[in-house]
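Examination of the molecular architecture
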Amino acid sequence: MKEYDLIDYEEVLIAGERAIDSLNEALECMDSAANWGLFDMIGGGFLATMVKRSKMKDGQRYLEQAKYDLEQFRDELQDVDLDFSVNIGSFLGIADYLFDNLFVDFMVQSNINETRNKIKKAIDEIETICYDIQKMFGIEDDE
């Protein structure tokens, strides 16, 4: 088994922190979208739908950045012979605009919540890996 030095693991930690930051930004947007989604379901109307979709779109942008950051994290882990994979998920399309009713709102809300759960799981997995690496090398967490 090949030995790796602290610099190799520090690169993993840096990539992990970037991925966590992107995922946290996406989660914040999805939390907001979920709140607007609940309001939409109880009769918030077109404005609530528009704000919810805007928050979802913002979340999608952060998820795209997170996808890139997760790929970098995975690559850094592979450099030290560790493995990691995660699937964030996707959103429903334009149906929420076209068929603004409780059934579609419920489907969208369900998708938002599923995405939020996947983001939280990915953050937990990355934090666990980074914590284990920090513990292995006695690295202090900056936070």
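**Observations concerning a nonpolar patch on the surface**
A cluster of nonpolar residues, Leu 6, Met 136 and Phe 137, forms a patch on the protein surface that exposes about 260 Å² of accessible area. Examined against the element boundaries, Met 136 turns out to sit in helix α3 (residues 102-137).

**Examining the packing of aromatic side chains**
Each aromatic ring pair is characterised by the separation of its centres together with the angle its planes make. Evaluation of the coordinates by the stated rule reveals one aromatic pair. Centre to centre, the rings of Trp 36 and Phe 39 are 5.9 Å apart; their planes meet at 75°, and the pair counts as edge-to-face. Of this pair, Trp 36 and Phe 39 both sit in helix α1 (residues 6-79), three residues apart, which is roughly one turn of that helix. You can call Phe 39 partly exposed: its relative accessible area is 41%.

**Observations regarding the side chain of Gln 109**
Structurally, Gln 109 is set in helix α3. Beyond its immediate sequence surroundings of up to four residues, Gln 109 is in contact with Ala 33, Ala 34, Gly 37, Leu 38 and Met 41.

**So, the nonpolar core**
In globular proteins that are soluble, nonpolar side chains generally tend to be buried together. Core analysis: the largest hydrophobic core is formed by 29 residues, its most contacted members being Leu 23, Phe 73, Phe 84, Ile 112, Ile 119 and Ile 126. Looking at this core, the elements with two or more residues in it are α1 and α3. The leading source of residues in this core is α1, at 18 residues.

**Looking at the environment of Leu 77**
Among the secondary structure elements, Leu 77 is positioned in helix α1. By relative accessible area, Leu 77 is classed as buried at 0%. Along the sequence, Leu 77 and Ala 15 sit 62 residues apart, while their C-alpha atoms lie 9.2 Å from each other. Non-local contacts of Leu 77, meaning those with residues more than four positions away in its chain, are made with Val 12, Leu 82, Phe 84 and Ile 129.

**Focus: the confidence of the model for the protein chain**
When pLDDT is averaged along the protein chain, the result is 81; 81% of the residues meet or exceed 70. Mean pLDDT across the elements of the protein chain bottoms out in helix α2 (residues 95-98) (41) and peaks in α1 (90). Segment residues 89-99: pLDDT under 50, and 28 contacts once partners within four positions in sequence are set aside and those in other chains are kept.

**Observations concerning the pattern of salt bridges**
On inspection of all chains with the given rule, the structure shows six salt bridges. In this structure, the salt-bridge partner of Arg 116 is Asp 31, at a minimum N-O distance of 2.7 Å. Highlighted residues: Arg 116 in helix α3 and Asp 31 in helix α1, separated in sequence by 85 residues. When the shortest N-O distance is used, the salt bridge between Glu 114 and Lys 118 registers 3.2 Å. Note that Glu 114 and Lys 118 are positioned in helix α3 at a spacing of four residues, about one turn of the helix.

Parameters and conventions
Residues numbered from 1 in each chain as written. Predicted model: local features only at pLDDT ≥ 70, side-chain atom pairs only at ≥ 80, totals over all residues. Heavy atoms only, no water. Patch = residues over 30% accessible without salt bridge, like charges linked within 9 Å, V, L, I, M, F, W, Y side chains within 5 Å. Areas by Shrake-Rupley, 256 points an atom, 1.4 Å probe, with all protein chains shown as cover. Salt bridge = Lys/Arg side-chain N within 4 Å of Asp/Glu carboxyl O. Helix = DSSP H or I, 4+ residues; strand = E, 2+ residues; numbered from the N terminus. Phe/Tyr/Trp six-rings, centres within 6.5 Å; stacked < 30°, edge-to-face > 60°. Buried < 20%, exposed > 50% of the residue type's maximum accessible area, 1.4 Å probe, protein only. Contact = heavy atoms within 4.5 Å. Core = buried A, V, L, I, M, F, W, Y, C linked by side-chain atoms within 4.5 Å. pLDDT = per-residue confidence, 0-100.

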